[in-house]
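The primary structure of each chain is shown beneath.
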Amino acid sequence: MKSLPYFCRGEVVRGFGRGSKELGIPTANFPDSVVDNLPADISTGIYYGWACIGNGDVYKMVISIGWNPYYKNTKKSMETHVIHKFKEDFYGQTLSVVLVGYIRSEKSFPSLEDLIAAINSDIEEAKVKLELPEHIKLKEDNFFTSTTNSNKAIQNALQELKGNKFVLIPVLGC
Ligand code: ADP
Ligand code: MG
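As recorded by an unreviewed UniProt entry, the chain carries the name Riboflavin kinase and is attributed to Poecilia latipinna. Regarding the chain, the relevant UniProt record gives this comment under Pathway (unreviewed entry): "Cofactor biosynthesis; FMN biosynthesis; FMN from riboflavin (ATP route): step 1/1."

The following block contains the structure:
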């Protein structure tokens, strides 16, 4: 996927009561505005990467990008599980994430236990893969310390332009 690593941030909004917290795996949901800006080559499925809330520490994460049944399968959602135990919820705060690598496509599971086992195995895979030097350096990226969106937004936009094979034509006299 050409768009990886993919940087984005947005407010944490309420999900639709799937009870993921009760399963021990809460997922912080991004608003539609963030989901709608995903580049076309970011397929649905499970990714691993880095995440931070506000200006806090950067933690490992897994993120699911997929079709939310509560939107009658017409609306994609992005849900991040941060691999850290927080004392409090962080609804309304800014979540910054960088998607680093792809784990697997979306699947449905025969039982809740199978789903939980799959997510736990995704989490273990994320923990190991993110230790690779090329991935660990993204944890230190200034995206997580800068307060504006601008740099990465421009980089994401340029990457998309490259993907679409846009060509810059030099204009004589300029
Ligand atoms: P919702 O349906 O509102 O998304 P969840 O049960 O998925 O509810 O819980 C998500 C919320 O839990 C997040 O929005 C966040 O405020 C909180 N939370 C606490 N710990 C974590 C964590 N480690 N990763 C993600 N969200 C967490
Ligand atoms: Mg959720």
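Participant: Honestly, the coordination of the magnesium ion (ligand 2) in this entry has me stumped. Any pointers?
Facilitator: Ideal values differ by geometry: the angle at a metal is 109.5 degrees with four tetrahedral donors, but 90 or 180 degrees with six octahedral donors. Surrounding the magnesium ion (ligand 2) are the protein donor atoms Thr27 (O), Thr27 (OG1) and Asn29 (OD1), at 2.2 to 2.5 Å. On the accessibility criterion, Thr27 (23% relative accessible area) is partly exposed.

Participant: What am I meant to see in unusual backbone geometry here?
Facilitator: Excluding glycine, a negative phi dihedral is what most residues carry, and trans is how most peptide bonds are arranged. In this model, Leu4 is joined to Pro5 through a cis peptide bond whose omega is -5°. Along the polypeptide, Pro5 turns up in the segment before β1 (6-11).

Participant: Honestly, the side chain of Arg104 in this entry has me stumped. Any pointers?
Facilitator: Relative to the assigned elements, Arg104 resides in strand β6 (residues 94-104). Setting aside anything within four residues of it in sequence, one finds Arg104 in contact with Gly45, Ile46, Phe109, Ala118 and Asp122.

Participant: What's the story with the pattern of salt bridges in this structure? I'm lost.
Facilitator: Pairing of side chains with opposite charge becomes possible as their charged atoms draw close. Applying the stated criterion across every chain, the model contains 5 salt bridges. A salt bridge links Lys129 to Glu125; the nearest nitrogen and oxygen atoms lie 2.6 Å apart. Taken as a pair, Lys129 and Glu125 lie in helix α2 (residues 112-129) at a separation of 4 residues, close to a single helical turn. What makes Lys129 partly exposed here is its relative accessible area of 31%. Since its relative accessible area comes to 26%, Glu125 is described here as partly exposed.

Participant: I keep staring at the nonpolar core and nothing clicks. Help me out?
Facilitator: For soluble globular proteins, the rule of thumb is that nonpolar side chains tend to be buried together. Among the nonpolar cores identified, the biggest contains 23 residues, and Phe30, Ile42, Met78, Leu95, Val97 and Leu99 are the most heavily contacted of them. Mapped onto this core, the elements with two or more residues apiece are β1, α1 (32-36), β3 (45-53), β4 (58-67), β5 (76-82) and β6. Val97 has contacts with Tyr6, Phe7, Cys8, Phe30, Trp50, Ala51, Met61, Thr80, Phe143 and Phe144, leaving out every residue within four places of it along the chain. Ile25, Val58, Ile123 and Leu138 belong to the second-largest nonpolar core, a separate cluster that totals 18 residues.

Participant: I keep staring at the sheet that holds β5 and nothing clicks. Help me out?
Facilitator: Strand pairing in a sheet relies on backbone hydrogen bonds, with the paired strands running either antiparallel or parallel. Strand order in the open sheet formed by 6 strands is β1-β6-β3-β4-β5-β2, with antiparallel pairing between adjacent strands. The open sheet has two edge strands, β1 and β2 (28-29), and neither has a second partner. Direction of pairing for β4 relative to β5: antiparallel, over a ladder of 7 bridges. In the sheet register, Trp67 faces β5, and the bridge partner there is Lys76. Docked against the sheet, α2 engages β3, β4, β5 and β6, running at close to 135° with respect to β4.

Participant: Any chance you could explain the environment of Trp50 here in plain terms?
Facilitator: Considering the arrangement of structural elements, one finds Trp50 in strand β3. C-alpha separation for the pair Trp50 and Lys139, spaced 89 residues apart in sequence, amounts to 6.3 Å. Engagement of the side chain of Trp50 in a polar contact is seen with the backbone oxygen of His135, the distance being 2.9 Å.

Participant: Is there a simple way to think about α2 in this case?
Facilitator: Because each turn of an α-helix spans 3.6 residues, side chains separated by three or four positions end up pointing in the same direction. For α2, with 18 residues, the first-to-last C-alpha span of 26 Å sits near the 26 Å given by 1.5 Å per residue. Burial in α2 covers these residues: Ala118, Ile119, Asp122, Ile123 and Ala126. Taken end-on, α2 shows its buried residues confined to a sector of 140°, consistent with a single buried face. Set apart from the buried face of α2 by more than 90 degrees, the exposed residues are Glu113 and Val128. Looking at the packing, one finds that the buried side of α2 touches β3, β4, β5 and β6.

Calculation criteria
Residue positions are given per chain, counting from 1 as you read along its sequence in written order. Whichever chain is written first becomes A and whichever ligand is written first becomes 1, with later ones labelled in order. Under the rules for a predicted model, residues below a pLDDT of 70 receive no local features and side-chain atom pairs below 80 are neither given nor counted, while totals for whole chains, interfaces and linings still include all residues. Only hydrogens and water are removed before side-chain values are computed, so all heavy atoms of the structure are retained for them. UniProt positions are given in the numbering used here, feature names are shortened, and annotations may be inferred rather than shown by experiment. Counted as donors are the N, O and S atoms within 2.8 Å of the metal, or 3.2 Å for Na, K and Ca, while water is not among the atoms, so some sites may look incomplete. Only protein chains enter the area calculation, which uses a 1.4 Å probe; residues under 20% of their type maximum are buried, those over 50% are exposed, and those in between are partly exposed. Comment: elements are numbered from the N terminus, with helices defined as DSSP H or I runs of at least four residues and strands as E runs of at least two. Residue contacts are defined here by distance: any two heavy atoms, one from each residue, within 4.5 Å place the two residues in contact. Any carboxyl oxygen of Asp or Glu that lies within 4 Å of a side-chain nitrogen of Lys or Arg is treated as forming a salt bridge with it. By nonpolar core we mean a set of buried residues, namely Ala, Val, Leu, Ile, Met, Phe, Trp, Tyr and Cys, connected to one another through side-chain atoms within 4.5 Å. Pairs of strands are assigned from DSSP output, requiring at least two bridges between the strands. To obtain each axis, a line is fitted to C-alpha atoms, and for helices this fit is confined to the stretch in contact; angles are then taken between N-to-C directions over 0 to 180 degrees. Whenever a nitrogen or oxygen atom comes within 3.5 Å of another N or O atom, the pair is scored as a polar contact, on the condition that within protein one atom can donate a hydrogen and the other can accept it, and that pairs from neighbouring residues in sequence are kept only if both atoms are in side chains. Helices are assigned an expected span. That span is 1.5 Å times one less than the residue count. In this context, the arc is that of the directions from the helix axis out to the C-beta atoms.

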